[in-house]
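What follows is each chain in one-letter form.
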Amino acid sequence: MSGSIAATVSADAEEKAAKARRLMDTGVTIFRPDTCVIDAEVEVGPGTVLEPYVQLLGKTRVGARCRIRSFSVIEDCTLGDNVLVRQSCVLTESTVEAGAKIGPFAHLRPGSEIGEDAHVGNFVETKKARLGKGAKANHLAYLGDSTVGEGSNIGAGVITCNYDGVNKHQTTIGKGVFVGSDSTLVAPVTLADGSYVGAGSCITKDVPEGALAVARARQTTKEGWAAARRAKRQGPGNREQGAENRG
């Protein structure tokens with residue numbers, strides 16, 4: 001490493017260390033500050049805890065009494081008070097209101113607005129999505145170009161199909177809506193307040209207030225089919241050989 005590069009790296013490390021000291025002087029707890037990256041314009045409220053290997057980048061604003069767990073990267077975001085960001089989350093150009101819980105392993109892409117006390121759980125991705133107060137998407141979901149109303153629940157594996165190959169389209173989910181696991185919502189589509197979507201549904205039409213929408217094939221059960229198929233695959237010769245092998 002050349003002298004000029006080494007000097008730049010050293011100066012940057014000292015600047016980051018000084019920033020961490022200033023935050024700790026104002027009541028921020030930083031575990032292992034030598035492992036954290038905190039840019040100069042970042043603001044963090046008192047009582048907030050930053051665990052090791054956290055990165056706060058750009059013009060990020062973090063409220064009071066938050067906890068940012070290890071390996072999370074937050075860039076140009078605004079977080080309200082009492083926000084919990086669990087391990088290994090990536091947040092970019094998004095807003096998270098007071099009391100919300102994010103992660104672990106969640107990805108908030110630009111334009112995401114997470115409401116007060118809302119939950120965005122493990123392996124959930126949002127993009128230009130607004131979640132109302134107390135809304136929950138706790139598992140393995142994608143919410144893009146969408147609005148989720150207050151108190152609604154988004155089940156595991158739910159996807160908003162927002163892109164038709166040319167244009168992006170909006171999904172609107174009202175208040176108190178329940179979307180069952182492994183459902184696809186093909187935008188543009190609206191789920192009105194209090195509606196339900198049965199698990200495994202592909203929704204292509206608007207769902208009225210208080211209605212249940214189920215869009216999946218009816219189950220067919222054929223008794224004895226599996227046993228007959230195994231017998232056919234074995235054949236007479238294979239059955240004799242099987243008998244010999246069994247002794």
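Residues numbered from 1 in each chain as written. Predicted model: local features only at pLDDT ≥ 70, side-chain atom pairs only at ≥ 80, totals over all residues. Heavy atoms only, no water.

(A) Expanded view of a negative patch on the surface. Together, Glu-41, Glu-75, Asp-76 and Glu-93 make up a negatively charged patch on the protein surface. Asp-76 gets classed as partly exposed once you look at its relative accessible area, which sits at 31%. (Patch = residues over 30% accessible without salt bridge, like charges linked within 9 Å, V, L, I, M, F, W, Y side chains within 5 Å. Areas by Shrake-Rupley, 256 points an atom, 1.4 Å probe, with all protein chains shown as cover. Salt bridge = Lys/Arg side-chain N within 4 Å of Asp/Glu carboxyl O. Lys, Arg positive; Asp, Glu negative; His and termini not counted. Charge placed at Lys NZ, Arg CZ, Asp CG, Glu CD. Buried < 20%, exposed > 50% of the residue type's maximum accessible area, 1.4 Å probe, protein only.)

(B) Fine view of the nonpolar core. Formed by 49 residues in total, the largest nonpolar core has its most connected members in Leu-91 and Ile-102. Elements that contribute at least two residues to this core include exactly helix H1 (3-25), strand E17 (125-131), strand E19 (142-148) and strand E25 (189-191). The contact partners of Leu-91, leaving out residues within four places of it in the chain, are Val-73, Ile-74, Glu-75, Cys-77, Leu-79, Val-85, Val-96, Ile-102 and Leu-108. (Core = buried A, V, L, I, M, F, W, Y, C linked by side-chain atoms within 4.5 Å. Helix = DSSP H or I, 4+ residues; strand = E, 2+ residues; numbered from the N terminus. Contact = heavy atoms within 4.5 Å.)

(C) Just the pairing of strand E18 (residues 136-139), in detail. Where strand E16 (residues 119-122) lies against E18, three bridges are found, and the strand directions are parallel. When the bridges of E18 are listed, His-119 appears paired with Lys-136. Direction of pairing for E18 relative to strand E20 (residues 153-154): parallel, over a ladder of two bridges. By the bridge assignment, Lys-136 is partnered in E20 with Asn-153. (Pairing = 2+ DSSP bridges.)

(D) Spatial organisation of the packing of aromatic side chains. In the structure shown here, the tally under the stated rule is three aromatic pairs. Considering the side-chain rings of Tyr-53 and Phe-71, the 5.2 Å spacing of their centres and the 5 degrees angle between planes classify their relative orientation as stacked. One end of the pair, Tyr-53, is in the loop between strand E4 (49-50) and strand E5 (55-57); the other, Phe-71, is in the loop between strand E7 (67-68) and strand E8 (73-75), with 18 residues separating them in the sequence. The partly exposed category is assigned to Tyr-53, whose relative accessible area is 39%. A centroid spacing of 5.3 Å and a plane angle of 25 degrees characterise the contact between Phe-178 and Tyr-196, whose relative ring orientation is stacked. A residue pair is termed long-range when its members are at least 10 positions apart, and Phe-178 in strand E23 (residues 178-179) and Tyr-196 in strand E26 (residues 196-197) qualify at 18 residues. Assessed through its relative accessible area of 35%, Phe-178 is described here as partly exposed. Of note, Lys-168 hangs over the ring of Tyr-163, and the distance from its end group to the ring centre comes to 5.4 Å. (Phe/Tyr/Trp six-rings, centres within 6.5 Å; stacked < 30°, edge-to-face > 60°. Lys NZ or Arg CZ within 6 Å of the ring centre and 35° of its normal.)

(E) Representation of the sheet that holds E7. Strand order in this open sheet of 11 strands is E1-E4-E7-E10-E13-E16-E18-E20-E23-E26-E28, and the pairing throughout is parallel. The open sheet terminates on both sides in strands that have one partner only, identified here as strand E1 (29-30) and strand E28 (212-213). Summarising the sheet, E4 and E7 pair through two bridges and their orientation is parallel. Among the inter-strand pairings, Val-49 is bridged to a residue of E7, identified as Arg-67.

(F) Inspection of the pattern of salt bridges at higher detail. Scanning all chains against the criterion turns up nine salt bridges. The residue Arg-65 makes a salt bridge to Asp-81 at a minimum N-O spacing of 3.8 Å. In this pair, Arg-65 is assigned in the loop between strand E6 (61-62) and E7 and Asp-81 in the loop between strand E9 (78-79) and strand E10 (84-85), connecting sequence segments 16 residues apart. Taking relative accessible area as the criterion, Asp-81 reaches 33% and is therefore assigned partly exposed. Residue Arg-109 pairs with Glu-125 through a salt bridge whose shortest N-O separation is 2.8 Å. With a gap of 16 residues between them, Arg-109 in the loop between strand E14 (107-108) and strand E15 (113-114) and Glu-125 in strand E17 connect regions that are remote in the sequence. Arg-109 sits in the partly exposed class, given a relative accessible area of 28%. What emerges from the salt-bridge pattern is a single network uniting Glu-51, Arg-67 and Arg-69.

(G) Seen up close, the state of the cysteines. Under the criterion given, the structure shown has zero disulfides. Of the cysteine sulfurs around Cys-36, a residue in no disulfide, the closest is that of Cys-66, at 15 Å. Residue classification places Cys-36 among the buried positions, given a relative accessible area of 8%. The thiol sulfur of Cys-77 is not disulfide-bonded, and the nearest other cysteine sulfur, from Cys-89, lies at 11 Å. Residue classification places Cys-77 among the buried residues on the basis of a relative accessible area of 1%. (Disulfide = S-S within 2.5 Å.)

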